[in-house]
Amino acid sequence: MPLTFFKKDRPLSVAAYAGFRNENRLWARARILRRDEPDWSDGKATENLLDLLRLYASHEVPGVKVSLEGFGTSAVATSDEEGFVTFDLPIDTRPLPNHAEWQHVTLCLPEIDPIETENAPILSPGIDGRLGIISDIDDTIIESGAHEFFANWRRFLLEMPSDRVAVSGAPEFFERLGRPAGIRPEADLNRAFFYVSSSPWNLYGFLAEFKRLNNLPRGPMLLRDWGMNSRTLGSASHGAHKRQTIERILDFYPDHRFVLIGDDTQGDAEAYWSTARDHPDRIAAVFLRMAAGKPIASQKANALAQLRGQGIPVWTGPVFDAGHAMLEKLGFDSDGETAKLVAATESS
């Protein structure tokens, strides 16, 4: 049977990832691939396997010029050996909106005939309250069983987005956190969400479809370049990637504070404490999903204690349903402001 998912003659396309901007700078990323349009419909096990293998066996195309236009600026970059182009550009100064909004830039392959174009969504966080949310993905919004190796890989190889299960309470909790009751129910959430994960960029479309199906907030997903080396394998690399990416977001929005959401499988507690230590007064609260009945490792317990010692409210629990009580104590009220932050507390 021929390995058709390795074919080199598939169409050239631009995989545009959601970016973000502040008042005078824009960050956007895309990848140049030869691929068929992904099919997320659930089929037989063999069809699912081939469709998902195509995600991992991506055919990246280096050396392709990509132009970007939008926000009063234009630029050209060339795809690297993994097919990526990254734009980090000054733009015409324009204020951020009151509530978070989605805008776009246009990406184009000017040297390809016919010319390929794609719109890339750009998040503009709101200034009302100047509060954003940064969340992990695996075992925070999607059940992955990261601590169960074989079960985890079976999910990645056979289950489509519609087969995967959202973490209990996550969609409702994120909705409450992102849009207090009574504000613009027909519009996007008024707080900006960013997702930071050690999942590879190949899974971007898969994860975006999962979020759509489960009514989880849209937001830029900052994933990771994977390779068979110590830089991307091992638990230490997970924490390093998250710390570096969260710090980049904090630096991009120096006037915003952020709520950090994660779990206990990939060093989130330690990464979040390291971030809070290096960026005093920038972390508004920490929510960590913890496995029920599982003892907390000493290093993780120390990180949680350090967070609380810095006056940062910390919630831990097996499901996010109970996190609503924490939001009440934090004073997330109906006008989108954080009324006050209470002393660090913990809910079961």
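Up top is the structure.
Caption draft 1: Expanded view of the overall build of the protein. Broken down by element type, the protein carries eight helices and 14 strands. By the burial criterion, 51% of the 348 residues in the protein qualify as buried. The long-range share in the protein, meaning contacts at least 24 apart out of those at least 6 apart in sequence, stands at 70%. Accessible area for the protein stands at about 15,500 Å²; split by element, carbon and sulfur atoms hold 51% of it.

Caption draft 2: Representation of the nonpolar core in the model. With 38 residues, the main nonpolar core has Ile-261 and Phe-287 as its most contacted residues. When sequence neighbours within four positions are dropped, the list of residues in contact with Phe-287 reads Phe-173, Val-259, Leu-260, Ile-261, Gly-262, Trp-315, Phe-320, Gly-323, Met-326, Leu-327 and Leu-330. With 30 residues, the next largest nonpolar core counts Trp-27, Ile-249, Ala-271 and Ala-276 among its residues.

Caption draft 3: Structural view of the pattern of salt bridges. Scanning all chains against the criterion turns up eleven salt bridges. Ionic pairing is found between Arg-29 and Asp-225, a salt bridge with its closest N-O pair at 3.6 Å. One end of the pair, Arg-29, is in strand E2 (residues 25-34); the other, Asp-225, is in the loop between strand E11 (221-224) and helix H5 (235-252), and 196 residues separate them in sequence. Judged by its relative accessible area of 31%, Asp-225 falls in the partly exposed class.

Caption draft 4: Region of the structure containing helix H8 (residues 323-330). Taken as a whole, H8 has its buried residues at Gly-323, Met-326, Leu-327 and Leu-330. Projected down its long axis, H8 shows its buried positions confined to an angular sector of 100°, all on one face. Turning to H8, the residues buried within the fold contact helix H3 (170-178), strand E13 (283-289) and strand E14 (314-317).

Caption draft 5: Quick look at unusual backbone geometry. A positive phi angle, close to 45°, is found at Arg-130, a residue other than glycine. Summarising the element assignment, Arg-130 is placed in the loop between strand E8 (116-124) and strand E9 (131-135). At Asn-215, a position not held by glycine, the phi torsion is positive, near 55°. Relative to the assigned elements, Asn-215 resides in the loop between helix H4 (204-213) and E11.

Caption draft 6: Local environment of the packing of H3 against H8. The interhelical angle for the contact between H3 and H8, taken along N-to-C directions, is 15°, at an axis separation of 10 Å. What the angle tells us is that H3 and H8 run roughly parallel. The handedness of the crossing between H3 and H8 is right-handed. Of the residues in H8, those touching H3 at Glu-172, Phe-173, Arg-176 and Leu-177 are Gly-323, His-324, Leu-327 and Glu-328. Tallied by class, residues from the contact of H3 with H8 come to three nonpolar, two polar and three charged.

Caption draft 7: Structural detail: the sheet that holds E9. Strands sit in the order E11-E10-E9-E12-E13-E14 across an open sheet of six strands; the sheet is parallel. The sheet terminates laterally at E11 and E14, the two strands that pair on one side only. Taken pair by pair, the neighbouring strands of this sheet meet at an average axis angle of 15°, ignoring direction. In this sheet, E14 lies alongside E13 in parallel orientation, the contact comprising four bridges. Across the sheet, residue Phe-287 finds its bridge partner in E14, namely Trp-315. Each of E9, strand E10 (193-200), strand E12 (257-263) and E13 is contacted by H3, which is oriented at about 175° to E12, the strand it contacts most.

Caption draft 8: Broad picture of the pairing of E10. Within E10, eight of the eight residues are buried, which leaves the element mostly enclosed by the surrounding structure. Taking every second residue as pointing to the same face, both faces of E10 are buried, with Phe-193, Tyr-195, Ser-197 and Ser-199 on one and Phe-194, Val-196, Ser-198 and Pro-200 on the other. With three bridges joining them, E10 and E11 adopt parallel strand pairing. Opposite Pro-200, over in E11, you have Arg-224 as the bridge partner. The parallel pair E10 and E11, bridged by H4, forms a crossover whose chirality is right-handed.

Caption draft 9: Representation of the packing of aromatic side chains. Summed over all chains, the structure comprises 19 aromatic pairs. Summarising the aromatic geometry, the rings of Phe-173 and Phe-174 are spaced 6.2 Å apart at their centres and angled 65° between planes, so their arrangement reads as edge-to-face. According to the relative accessible area criterion, Phe-173 is buried, its value standing at 0%. Phe-174 gets classed as buried once you look at its relative accessible area, which sits at 0%. One aromatic cluster in this structure is built from Phe-173, Phe-174, Phe-193, Tyr-195, Phe-287, Trp-315 and Phe-320.

Caption draft 10: Region of interest: the environment of Phe-87. As for its position among the elements, Phe-87 is in strand E6 (residues 84-90). In this structure the C-alpha to C-alpha distance between Phe-87 and Arg-29, which are 58 residues apart in sequence, comes to 6.2 Å. Not counting residues up to four positions away in its chain, the partners in contact with Phe-87 are Leu-26, Trp-27, Ala-28, Val-66, Leu-68, Ala-75, Val-76, Ala-77 and Leu-107.

Cut-offs and rules
Sequence positions are assigned chain by chain, starting from 1 and proceeding in written order. The model is predicted, so local features are restricted to residues of pLDDT at least 70 and side-chain atom pairs to those at 80 or more, both for listing and for counting; the totals for chains, interfaces and linings are taken over all residues. Side-chain metrics rest on all non-hydrogen atoms present in the structure, leaving aside hydrogens and water. Strands are runs of DSSP state E lasting at least 2 residues, helices are runs of H or I lasting at least 4, and numbering of each runs from the N terminus. Throughout this description, buried means an accessible area under 20% of the type-specific maximum (1.4 Å probe, protein chains only), exposed means over 50%, and partly exposed covers the range between. In this description, contact between two residues means that some pair of their heavy atoms is separated by no more than 4.5 Å. Per-residue and other accessible areas were derived by the Shrake-Rupley procedure at a 1.4 Å probe size, with only the shown protein chains allowed to occlude residues. We call a set of buried residues a nonpolar core when its members are Ala, Val, Leu, Ile, Met, Phe, Trp, Tyr or Cys and they connect through side-chain atoms within 4.5 Å of each other. By definition, a salt bridge exists where a carboxyl oxygen of Asp or Glu is found within 4 Å of a side-chain nitrogen of Lys or Arg. Think of the arc as the fan of directions from the helix axis to the C-beta atoms. Helix axes use the C-alpha atoms of the stretch in contact, all axes being lines fitted to C-alpha atoms, and the angles between their N-to-C directions lie in the range 0 to 180 degrees. These descriptions rest on fixed angle ranges, namely under 35 degrees for roughly parallel, over 145 for roughly antiparallel, 65 to 115 for roughly perpendicular, and the rest for oblique. Left-handed describes a crossing in which the near helix is turned anticlockwise from the far one by less than a right angle; the clockwise case is right-handed. All residues other than Ala, Val, Leu, Ile, Met, Phe, Trp, Tyr, Cys, Pro, Asp, Glu, Lys and Arg, Gly among them, are scored as polar; the first ten of these are nonpolar and the last four charged. Here, any two strands with at least 2 DSSP bridges between them count as paired. Handedness of a crossover is defined as follows: with both strands directed away from the viewer, a clockwise route from the first strand across the helix to the second makes it right-handed. Stacked, tilted and edge-to-face are the three classes applied to pairs of Phe, Tyr and Trp rings, where Trp contributes its six-membered ring and a pair requires centres within 6.5 Å; stacked means planes under 30 degrees apart, edge-to-face means over 60, and tilted covers the rest.

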